[in-house]
Amino acid sequence: RRSSDLVRLEIHPAPADHGIVFRRTDLQPVVDIPALWDHVTPSKLCTLMDDGKGTTLSTVEHIMAALVGTGIHNALVTVDGPEVPILDGSSAPFVDGILRAGIDMQNATLRAIRVLRPVEVREGEAFARLEPADHLQIDFDIDFVDAAIGHQEKRLDMANGAFLRELADSRTFCRQSDVEAMRRNGLALGGTYLNAVVVDGAKVLSPGGLRHADEAVRHKMLDAMGDLGLAGAPLLARYTGHRAGHAMTN
């Protein structure tokens with residue numbers, strides 16, 4: 001982005017039972033938005049938070065995935081703008097910062113949400129489903145006409161650092177035609193080939209190509225993990241997503 005558009009984001013320690021809270025520091029007075037599902041305004045392109053009074057913060061899914069994936073349950077995230085920086089389009093920069101800073105264990109009881117029966121949301125052929133499980137598992141599949149993506153599916157047990165090993169560096173993706181359409185409508189003006197995987201048919205236009213052959217489905221799993229983190233507590237469940245997006249997961 002242009003230097004005048006740069007956004008500063010910081011992750012601060014928080015006491016036990018604080019939860020994850022986003023704070024818009026560019027506003028006076030500052031506005032706090034709890035990272036909870038009922039503060040989400042449904043959107044297909046990103047996860048958009050709302051304080052209920054008109055103040056919003058967009059694209060929280062990647063930093064939420066980083067917090068969930070590193071086991072952070074209490075933090076204050078300050079942002080001096082209306083959108084979380086996209087960085088390279090993955091969670092890796094946030095994860096690297098969290099691990100460099102270090103993580104403290106807190107002397108408090110951790111409460112989790114145990115899913116007791118299947119619950120499912122459908123929209124046409126797409127669906128998102130939660131089923132009982134002892135810990136978080138994610139199962140996702142996608143289908144795109146672009147040969148660079150095509151059909152991809154993956155299943156992961158999210159215990160024991162699987163997020164850091166398998167998902168954290170997977171970037172958001174889009175079609176070249178989508179980029180052109182968004183720019184015509186004044187969107188994604190700060191986007192480049194360095195913060196998303198851009199495909200055009202069978203071609204990957206982003207420098208360096210893919211980080212994983214199935215990077216697209218891995219990123220969809222990353223998004224789902226961030227969106228599931230908005231439940232407000234760790235989920236003991238198996239999540240299955242079939243062509244599902246942010247709004248459906250929420």
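Shown above is the structure to which this text applies.
Attention in this report is confined to the structure presented alongside it. (Residues numbered from 1 in each chain as written. Predicted model: local features only at pLDDT ≥ 70, side-chain atom pairs only at ≥ 80, totals over all residues. Heavy atoms only, no water.)

The next thing to look at is the sheet that holds strand β6 (residues 56-58). Reading across from one edge, β4-β5-β6 is the order of the three strands in this open sheet, with antiparallel pairing throughout. Each edge of the sheet is formed by a strand with only one pairing partner; in this case those strands are β4 (40-41) and β6. The sheet contact formed by β4 and strand β5 (residues 48-50) spans two bridges and is antiparallel. The partner of V40 across the bridge, within β5, is M49. (Pairing = 2+ DSSP bridges. Helix = DSSP H or I, 4+ residues; strand = E, 2+ residues; numbered from the N terminus.)

Right, let's talk about the side chain of D139 for a bit. Here D139 shows up in strand β11 (residues 137-143). In terms of polar contacts, D139 uses its side chain to reach the side chain of R238, at 2.7 Å. Apart from the residues within four sequence positions on either side, D139 is in contact with K154, R155, R238, Y239, T240 and G241. (Polar contact = N/O pair within 3.5 Å; in protein donor to acceptor, adjacent residues only side chain to side chain. Contact = heavy atoms within 4.5 Å.)

All right, on to the pattern of salt bridges then. In the structure shown here, the tally under the stated rule is 16 salt bridges. For D139, the salt bridge identified is with R238, shortest N-O distance 2.7 Å. A residue pair is termed long-range when its members are at least 10 positions apart, and D139 in strand β11 and R238 in strand β16 (residues 235-242) qualify at 99 residues. Taking the relative accessible area as the measure of exposure, D139 reaches 14% and is therefore buried. Salt-bridge contacts for R218 lead to E166; the nearest nitrogen and oxygen are separated by 3.1 Å. Of this pair, R218 sits in helix α5 (residues 215-228) while E166 is found in helix α3 (residues 162-167), placing the two residues 52 residues apart along the sequence. (Salt bridge = Lys/Arg side-chain N within 4 Å of Asp/Glu carboxyl O. Buried < 20%, exposed > 50% of the residue type's maximum accessible area, 1.4 Å probe, protein only.)

On to the sheet that holds strand β1 (residues 9-13). On the basis of which strands lie adjacent, the open sheet formed by four strands has the order β1-β7-β2-β3 and mixed pairing. Strand pairing shows two members of the sheet lacking a second neighbour, β1 and β3 (31-34), which therefore form its edges. Between one strand axis and the next, the sheet turns through 25° on average, direction left out of account. Sheet topology note: the strand β2 (residues 20-24)/strand β7 (residues 75-79) ladder contains five bridges and is parallel. Bridge assignment links V21 to a residue of β7, and that residue is L76. Across the sheet, helix α1 (residues 61-69) is in contact with β1, β2 and β7; its angle to β2 comes to roughly 145°. (Axes fitted to C-alpha atoms, helices over the stretch in contact; angles between N-to-C directions.)

Right, let's talk about the environment of Q106 for a bit. Inspection of the secondary structure puts Q106 in the loop between α2 (92-101) and β8 (113-114). Placed 32 residues apart in sequence, Q106 and N74 show a C-alpha to C-alpha distance of 9.4 Å. Not counting residues within four places of it along the chain, the set of residues in contact with Q106 comprises A14, P15, A16 and N74. A distance of 2.6 Å separates polar atoms of two side chains, one belonging to Q106 and the other to N74.

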